[in-house]
Amino acid sequence: MPAFRQVGEKQLPNPVLCMAWSPKRDLIALANTTGELLLHRLNSFQRVWSLPPSEYTGKEITALAWRPDGKILAFSLADTKQVVLCGVEKAEILHVFPMQNPVTCMHWMEVVEESSALSSFYNSEDESKLFLPKLPTLPKSYSTTSKIFSEEKSDEIMNLLGEVRLNILVLGGDAGFVELYAYGMYKIATLTGVSGTCRSLSLSSDLKSLSVITEVRSADNNPEICYIQLDTGLLSDCLPEVTRMARKFTHISTLLQYLHLSLTCMCEAWEDILMQMDLRLTKFVQEKNTSTQVQDEFLELLLWGQSSPELQALLMNQLTVKGLKKLGQSIESSYSSIQKLVISHLQSGSEALLYHLSEVKGMSLWKQKFEPLGLDSAAIEGAITAVGSFSLKANELLQVIDKSMKNFKAFFRWLYVAMLRMCEEHIPPELNKMTQKDIAFVADFLSEHFSENEELFDRKGKYFNVERVGQYLKDEDEDLVSPPNTKGNQWLTFLQESTHLKESPLLFPSYPRKSLHFVKRMMENVIEQCLQKPAVSFMCCSSSSFSSVQVTFKVQTSGTCCEKGNNIAHSVSNYVYSCLDARFYDDEMLTVVLQGSEEENRRRVLAQLPLASTLSCETEFNWEPNLRLDQQSGAIPCQELVLGNQWRELESMKAQFVAVNGIRKVACVLSANLRHIRVFEMDVEDEDEEGAESQNVSADQDGLETSMTSQGQGEESVEAEDEAGEPRGAVFQKTEEHLESEEALGLS
């Protein structure tokens, strides 16, 4: 087989903590100590994009994982205890969910098992498109006040769904917690009873086995590495049901995110424009020295065409004719934008939520299949009711917008004409006519938006009432300042007088005194509880069926594993190599970084080890469960391996870690100082270094052989230093422990 070819080399300004290759494209993700997430392309290690740290997401990235289709990148943050799903195409944060403990490792896998039930589900997945319209594209944000959603979202938010085939994001962290998230969003299992801090984990593609590597501190505070294998057969046995349930709940989670973004856009459309008028009129109310009420002064101007000097000064000096016209147009545009968002986004998203929740309710009634997975029909019915209440509140907001638009248009039109008269300017004939209905609209605006209520002043600090539409968009628990007037509503009167309909479960509660934000949060909480029930139920059902097999071996304080069998002896020159890092290249090959363990040989080597030769040992190892692995090192059989030309010396580089992608046939080697990176294509000729190839071939002819020996030698603590020889901090030592243990699972 051909040797490796170096295609890129780079010195990075900040140390790298995590790196992971895309499973589908020639892209590698890097996370550094500043909290920055970088995406580089294989070609010349060109940067594609960078995602800077933020206070909202966090700054301490601890783990990376790609979704199997390569479209979503997940990363965890220790300082905020969150997991973030980032769209690769535009570097957009699509979903964030909190964790109870910091995540230390993650693994994203795809189920490959096929069955007739799954095939039927895959074919019927798109049936919802026959009944539901496509959700409209989210608009650009109206301001930069949004914390993370400040760019056009397009259809990126819907990419969270991904492919129909089930994929699971496995998260592990402190206190031995392990959680499984279907499609990276919906928690389907919580595993307990695992001791120590998770360092690496892997869920088999058939869902029958979960392997975990943990670090446990002994009584004398020495670290011990534990390997635990869990039987997850319950997941495999219920695969069709789990897939259906997870897919539906992922739809629901995505729609909740869509509604959240829509409401964010509505709030931005209101805050930057309508509050201008609120602040201007409030300032006038608070600074006026007359004893008359503001409402009276405007009414006097409306009825008699005369105004006080203070009101005239406000209109002519602060507002001005040009400013009033511009403000009126801005407010009208804002109302129209909010109205469109309610109709096209909130109502469409609510209808889709009701559709998917109704299907989940139907699944919950099939108790034989779905009751063991924790689907509770009563909880789902409560979620449907909460979504119905949200839809009613959105419809109520539409009515308020319609009424407020009429009042605002009439008020600004009348005030504009009044100011033209004050300036003695020409008034267009079409504006000079006011009907009795227009006068009523202006009077309604004045009575609704101005008040001398002392209670209101104490609560809000101002006399001018919060705008009627804006109060629905405030994220507060307080009641609405100006709730809708329901007097004379024949339907509400009929309900109150009907003893049978008053408490009917067929009617959604409306919460007339609460804001849209309040009802949305209530809906999210109810749905969240509904989503959590299956995960809790699965934990209870699966805990009794999980059997664990545990092997422990001690590690040195540097974090380098003393596992017997990880040293490689050079048969020709009697050199001994220690394994610094290892990754599965594919199902048949292991990529390793080796270091000479003797004074006369300190060189570092990148090599490929065929697993078939490793696993073909005829001698059986009789493992004693009561003893640590290092206590049984003498009984571990040896197996000679021939590297051939599948190795390359890493000159002028203190290589320490490696990340590989067997599908794309690439590898990335990281130095001990976490700043120096080299990228290799693994299965192509290196035309620029024929001499190195000749040396490899010569070594092969001389019979270069290596053997995995059972007599391991303790790995020296790696002095992680930069090119100037400066020692690194303790955080980098901890990082090495984490990165070295990530593939201990594969070696075990």
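Placed above this text is the structure.
Computed from a predicted model, the values in this text were never measured in an experiment.

K.L.:
Please explain the overall build of the protein as it appears in this structure.
P.N.:
Looking only at helices and strands, the protein features 18 helices and 27 strands. Residue burial in the protein is summarised as follows: out of 748 residues, 53% are buried. Look at the contacts in the protein between residues 6 or more apart in sequence, and 65% of them connect residues 24 or more apart. If you sum the accessible surface of the protein, you get close to 34,200 Å²; carbon and sulfur atoms cover 48% of it.

K.L.:
What is the right way to look at the sheet that holds strand E1 (residues 5-11) in this model?
P.N.:
The strands making up a sheet are joined through hydrogen bonds of the backbone, oriented either antiparallel or parallel. Across the sheet, 4 strands lie side by side as E1-E26-E25-E24; this open sheet has antiparallel pairing. The sheet is open, and its two edges are formed by E1 and strand E24 (655-661), each paired on a single side. Here the average twist between neighbouring strands, direction ignored, is 20°. One ladder, built from 6 bridges, connects E1 with strand E26 (residues 676-681); its direction is antiparallel. Across the sheet, the residue bridging to arginine 5 is glutamate 681, located in E26.

K.L.:
Would you take a moment to explain a nonpolar patch on the surface for this structure?
P.N.:
Nonpolar side chains collect at one region of the surface, where Trp491, Leu492, Phe494, Leu506 and Leu507 lie side by side and expose about 510 Å² of accessible area between them. Mapped onto the secondary structure, leucine 506 falls in the loop between helix H13 (499-502) and helix H14 (516-543).

K.L.:
Hey, could you run me through the packing of aromatic side chains in this one?
P.N.:
How two aromatic rings sit relative to each other is set out by the distance from centre to centre and by the angle between their planes. Counting across every chain of the model gives 9 aromatic pairs. Between phenylalanine 411 and phenylalanine 412 the ring centres are 5.7 Å apart and the planes differ by 80°, which places this aromatic pair in the edge-to-face class. With relative accessibility at 1%, the residue phenylalanine 411 sits in the buried group. Linked through ring pairs, Tyr335, Phe408, Phe411, Phe412 and Trp414 together constitute an aromatic cluster. Stacked on the ring of tyrosine 183, the Lys or Arg arginine 247 has its end atom at 5.0 Å from the ring centre. Against the face of phenylalanine 518 rests lysine 514, its NZ or CZ located 4.7 Å from the ring centre.

K.L.:
I would appreciate a short explanation of the nonpolar core in the present structure.
P.N.:
Within soluble globular proteins, side chains that are nonpolar tend to cluster in buried spots. Judged by nonpolar contacts, the single largest core of 107 residues is most densely connected at Leu166, Leu180, Ile188, Met266, Leu516 and Ile527. Sorting elements by how many residues they give to this core places helix H9 (residues 377-422) first, with 23 residues. Setting aside its immediate chain neighbours within four residues, leucine 516 contacts Leu263, Met266, Leu346, Phe390, Lys393, Ala394, Leu397, Tyr472 and Leu473.

K.L.:
Would you explain the pairing of strand E9 (residues 92-98) in this entry?
P.N.:
Walk down a regular strand and you will see the side chains alternate between the two sheet faces. Of all the 7 residues making up E9, 5 are buried; the element is thus mostly covered by neighbouring parts of the structure. Of the pairings in the sheet, the one linking strand E8 (residues 82-87) to E9 comprises 6 bridges and is antiparallel in character. Of the residues in E9, the one forming a bridge with leucine 85 is histidine 95.

K.L.:
Can you help me understand the pairing of strand E19 (residues 576-586) in this one?
P.N.:
Taken across its 11 residues, E19 has 9 buried, putting it largely inside the fold. Both E19 and strand E20 (residues 589-596) contribute to a ladder of 8 bridges, which runs antiparallel. Within E20, the position partnered with aspartate 581 by the bridge is valine 593. Connecting E19 to the antiparallel partner E20 that follows it, the hairpin turn spans 2 residues.

K.L.:
Just to check I follow, could you spell out the environment of proline 23 for this structure?
P.N.:
Within the fold, proline 23 resides in the loop between strand E2 (16-21) and strand E3 (27-32). For proline 23 and lysine 71, which are 48 residues apart along the polypeptide, the C-alpha to C-alpha distance reads 9.6 Å. In this structure, proline 23 is in contact with Trp66, Arg67, Pro68, Gly70, Asn661 and Ile663, ignoring residues within four places of it in sequence.

K.L.:
Sorry if this is basic, but what is going on with the side chain of histidine 356 here?
P.N.:
Positionally, histidine 356 belongs in helix H7 (residues 321-364). Reaching out from histidine 356, the side chain makes a polar contact with the side chain of lysine 248 at a distance of 3.1 Å. In contact with histidine 356, not counting residues within four places along its chain, are Ser128, Leu132, Lys248, His251, Ile252 and Leu255.

K.L.:
What am I meant to see in the packing of H7 against H9 here?
P.N.:
Describing two packed helices takes the angle between their axes plus the distance from one axis to the other. Where H7 contacts H9, the two axes come as close as 9 Å, and the packing angle between them is 165°. The orientation of H7 with respect to H9, classified from their angle, is roughly antiparallel. The two elements H7 and H9 cross, and the hand of that crossing is left-handed. Looking at the contact of H7 with H9, its residues break down into 29 nonpolar, 12 polar and 5 charged.

K.L.:
Looking at this model, I keep getting lost on the environment of isoleucine 527. Mind explaining?
P.N.:
If you trace the backbone, isoleucine 527 turns up in helix H14. Each C-alpha atom, one on isoleucine 527 and one on valine 387, is 8.8 Å from the other, the two residues being 140 residues apart in sequence. Setting aside residues up to four positions removed in sequence, isoleucine 527 forms contacts with Ile252, Leu256, Leu353, Leu357, Ala383 and Val387.

K.L.:
What should I look at first to understand the packing of helix H6 (residues 309-319) against H9 in this one?
P.N.:
At a minimum axis distance of 11 Å, the contact between H6 and H9 shows a crossing angle of 95°. One way to sum up the angle between H6 and H9 is to call them roughly perpendicular. Contacts from Gln312, Leu315 and Met316 in H6 reach Leu415, Met419 and Met422 in H9. The residue makeup of the contact of H6 with H9, split by class, is 5 nonpolar, 1 polar and no charged.

Thresholds, definitions, all that
Residues numbered from 1 in each chain as written. Predicted model: local features only at pLDDT ≥ 70, side-chain atom pairs only at ≥ 80, totals over all residues. Heavy atoms only, no water. Helix = DSSP H or I, 4+ residues; strand = E, 2+ residues; numbered from the N terminus. Buried < 20%, exposed > 50% of the residue type's maximum accessible area, 1.4 Å probe, protein only. Contact = heavy atoms within 4.5 Å. Areas by Shrake-Rupley, 256 points an atom, 1.4 Å probe, with all protein chains shown as cover. Pairing = 2+ DSSP bridges. Axes fitted to C-alpha atoms, helices over the stretch in contact; angles between N-to-C directions. Patch = residues over 30% accessible without salt bridge, like charges linked within 9 Å, V, L, I, M, F, W, Y side chains within 5 Å. Salt bridge = Lys/Arg side-chain N within 4 Å of Asp/Glu carboxyl O. Phe/Tyr/Trp six-rings, centres within 6.5 Å; stacked < 30°, edge-to-face > 60°. Lys NZ or Arg CZ within 6 Å of the ring centre and 35° of its normal. Core = buried A, V, L, I, M, F, W, Y, C linked by side-chain atoms within 4.5 Å. Polar contact = N/O pair within 3.5 Å; in protein donor to acceptor, adjacent residues only side chain to side chain. Parallel < 35°, antiparallel > 145°, perpendicular 65-115°, else oblique. Left-handed = near helix turned anticlockwise from the far one by under 90°. Nonpolar A, V, L, I, M, F, W, Y, C, P; charged D, E, K, R; others polar.

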